[in-house]
Amino acid sequence: MTPKQLYDLGVTLFDKKSSLNSLHQEIATHFYPERATFTVTRSLGEDFAGNLTTSYPLLCRRDLGNQFGSMLRPTAKQWFHMQRRYEKNEKTEVRRFLEAFEETQRRAMYDPISQFTRATKEADHDFSAFGQCAISIEVNHNSKMGSHLLFRCWHLKDMAWQEDEAGKVEAKFRKWKPTLHTLRRTFKKIPAQLEHRHTMAPFDEHEVWHIVVPSDMYDKGTKLPYWGIWYDPSHDFVMDEVPLWTGHYVIPRWQTVSGSQYAYSPATVAALPDARLIQAMTFTLLEASEKASNPPLVATQDAVRSDLAVYAGGVTWVDAEYDERLGDALRPITQDFRGLQYGPQMTSDVRALIREAFYLNKLAMPQRGPEMTAYEVGQRVQEYIRNAMPIFEPMEAEYNAAVCENAFELLWRNGAFGDPRNWPRELLDSEIEFRFESPLHDAIEEQKGHKLMEVKAMLADAAAIEPSARRSSVRRRRFAATPRRSARTA
């Protein structure tokens, strides 16, 4: 394909995505108002949540987004480890090299210049609200302190992608609208028309596209697996084209459905009706409570001679000749507030449903009291693992593994791990994969410890009932440890 044909493909994908942007706008309005710019443009200083009456849905999304980071990437520990695929028992030399690679990659990822923490923080909240996010991983050769990795999270409204026949994200398209000054500084060549505009108005914005496709989709040969093309559609001009070792963008997807390349967040899909409901309920309860505490009044015409002063200490003047036997000149409207008592309970029920939709009732570690037995603690930890594992385990392969693998590929190709000729032969002939540590994996290991304690308690109880069981157990173990002689040796 030519750049123009790839651009036409991207236009088609963005056109089909317009209805999804409307859904994302609705989701962001209720759960992530800072990101609610899919179909509208916000001005600086605008109140993000000015149209909401309660912040509870926002808090649930915030808590789930923070859980992703703390569970998947705990900064207090080395949360990723390298190993050769299908190899568990590594040689000492191979293990030493892999540990050195881990330390090098961790320093590169957590270098403040790389912006890894910022990008993943933004991506976690996109993931919790919309079920997907877009992170670019590249080498920043323009850094003043040398080459560094650079992680950035991009707004989903500016991204579109297409799946291949295997269901993996293939072609990726991003709209970018920088200033002409930024364009001129970023690319060695830009259209002549933009060169002229740059001299007149360097801070005018101009839209360009970044297109990343597999090498077999672009009409230029390369041994690398991807092409990255910077294209100016308004002038049909290719500003840059670079062969890439990685797909540049990592797009983790939470819950996918057949027939769509875009994912959804099961949390917001389930909570969106309740979010609409709780906003309406809160508004109704606030209005009813205000009417109860400051009720509307009925004033008799020509009897009230001043403005109504219903504030504390206010005085309202009434005509002295008005006959009070005809009724009070100023009185509150009689209202029925018997249904108001059910409002708090209904609101509490809806809050519980929203909290459950965001899995927050399942992600809290079980409380442990001093009166709890080891068996009871083990059962609660086991229940926690059953609830949390289906949420986080797929994300390790879809999110963490993709980010780590792309970062490893870029570091390796740019010489961060030294000359491969100095590596052990086993590393050169093997494929590197990642395994991860997290509080969830710690709970799994803790569960194994509880099982051991249960077995020890059972053996102690059995020994108390039948003391000879301990001696017979020891004899059986000694007998089993004695090597058997074969019939030929005998």
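All of these numbers come straight from a predicted model, not from anything done at the bench.

Colleague: Help me out: how do you make sense of helix α8 (residues 266–293) in this one?
Modeller: Taking 1.5 Å of rise per residue, the 28 residues of α8 would be expected to cover 40 Å, and the 41 Å separating its terminal C-alpha atoms lies within 8% of that figure. The sharpest bend along α8 comes to roughly 45°, located at Leu272, with the proline Pro273 sitting one to four residues further on. Among the residues of α8, those classed as buried are Pro266, Ala267, Thr268, Ala271, Leu272, Asp274, Ala275, Ile278, Gln279, Met281, Thr282 and Ala288. Packing partners of the buried residues in α8 comprise α2 (18–31), α3 (56–72), α5 (116–130) and α9 (343–357).

Colleague: Just checking my understanding: could you explain the pairing of strand β8 (residues 237–244) for this structure?
Modeller: The side chains of a regular strand alternate, first on one face of the sheet and then on the other. In terms of strand pairing, strand β7 (residues 226–232) meets β8 through 7 bridges, oriented antiparallel. Its bridge partner being in β8, Gly228 is matched across the sheet by Val242.

Colleague: Please clarify how the environment of Thr75 should be interpreted in this entry.
Modeller: Mapped onto the elements, Thr75 comes out in the loop between α3 and β1 (80–84). Thr75 gets classed as exposed once you look at its relative accessible area, which sits at 55%. Between the C-alpha atoms of Thr75 and Thr117, which are 42 residues apart in sequence, the distance is 9.7 Å. Those residues in contact with Thr75 that sit more than four places away from it in its chain are Arg106 and Tyr110.

Colleague: Looking at this model, I keep getting lost on the packing of α3 against α5. Mind explaining?
Modeller: Each pair of packed helices gets described by two things: the angle between the helix axes and the distance between those axes. The geometry of α3 relative to α5 is characterised by a closest axis approach of 8 Å and an angle of 125° between their N-to-C directions. Here α3 is positioned oblique relative to α5, judged by the angle of their axes. Of the two elements, α3 crosses α5, and the hand of that crossing is right-handed. Packed against α3, whose contacting residues are Arg61, Arg62, Leu64, Gly65, Asn66, Phe68 and Gly69, the element α5 presents Lys121, Asp124, His125, Phe127, Ser128 and Ala129 at the interface. Here the residues of the contact of α3 with α5 sort into 4 nonpolar, 5 polar and 4 charged.

Colleague: Where do I start with the packing of aromatic side chains in this structure?
Modeller: For any pair of aromatic rings, the description consists of the separation of the ring centres together with the inter-plane angle of the planes. Applying the stated rule across the entire model yields 29 aromatic pairs. With 5.4 Å between their ring centres and 65° between their planes, Tyr218 and Trp227 make a pair best called edge-to-face. We classify Trp227 as buried; its relative accessible area is 7%. Here Arg61 stacks its cationic end above the ring of Tyr32, 4.1 Å away from the centre of that ring. Note that Lys172 overlies the ring of Tyr226, its terminal NZ or CZ placed 6.0 Å from the centroid.

Colleague: Could you clarify how one ought to interpret the sheet that holds strand β2 (residues 135–140) in this entry?
Modeller: One open sheet accounts for 3 strands, arranged β3-β2-β9; its pairing is antiparallel. The open sheet has two edge strands with one neighbour each: β3 (148–153) and β9 (249–250). Direction of pairing for β2 relative to β9: antiparallel, over a ladder of 2 bridges. Residue Ile135 lies in a different strand from β9, and its bridge partner there is Val250.

Colleague: Where do I start with a nonpolar patch on the surface in this structure?
Modeller: Taken together, Leu297, Leu308 and Val310 make up a surface patch of nonpolar side chains, about 240 Å² in accessible area. Locating Val310 in the fold gives a position in the loop between β10 (297–299) and β11 (330–332).

Colleague: Just to check I follow, could you spell out the pattern of salt bridges for this structure?
Modeller: For side chains of opposite charge, pairing can occur when their charged atoms come near one another. By the definition in use, this model includes 21 salt bridges. In this structure, Arg61 engages Glu34 in a salt bridge whose closest nitrogen and oxygen atoms are separated by 3.7 Å. Here the residue Arg61 occupies a position in helix α3, and Glu34 occupies one in the loop between α2 and α3, the gap between them amounting to 27 residues. With a shortest N-O distance of 3.8 Å, Asp63 and Arg62 are connected by a salt bridge. Here Asp63 falls in the partly exposed class, since its relative accessible area comes to 30%. Through salt bridges with shared partners, one network takes in Arg85, Glu431 and Glu433.

Definitions and limits used
- Residues numbered from 1 in each chain as written.
- Predicted model: local features only at pLDDT ≥ 70, side-chain atom pairs only at ≥ 80, totals over all residues.
- Heavy atoms only, no water.
- Helix = DSSP H or I, 4+ residues; strand = E, 2+ residues; numbered from the N terminus.
- Expected span 1.5 Å × (residues − 1).
- Bend = angle between axes of the 7 residues up to and from the residue.
- Buried < 20%, exposed > 50% of the residue type's maximum accessible area, 1.4 Å probe, protein only.
- Contact = heavy atoms within 4.5 Å.
- Pairing = 2+ DSSP bridges.
- Axes fitted to C-alpha atoms, helices over the stretch in contact; angles between N-to-C directions.
- Parallel < 35°, antiparallel > 145°, perpendicular 65-115°, else oblique.
- Left-handed = near helix turned anticlockwise from the far one by under 90°.
- Nonpolar A, V, L, I, M, F, W, Y, C, P; charged D, E, K, R; others polar.
- Phe/Tyr/Trp six-rings, centres within 6.5 Å; stacked < 30°, edge-to-face > 60°.
- Lys NZ or Arg CZ within 6 Å of the ring centre and 35° of its normal.
- Patch = residues over 30% accessible without salt bridge, like charges linked within 9 Å, V, L, I, M, F, W, Y side chains within 5 Å.
- Areas by Shrake-Rupley, 256 points an atom, 1.4 Å probe, with all protein chains shown as cover.
- Salt bridge = Lys/Arg side-chain N within 4 Å of Asp/Glu carboxyl O.

Everything listed here is a matter of geometry and, on its own, says nothing about what the molecule does.
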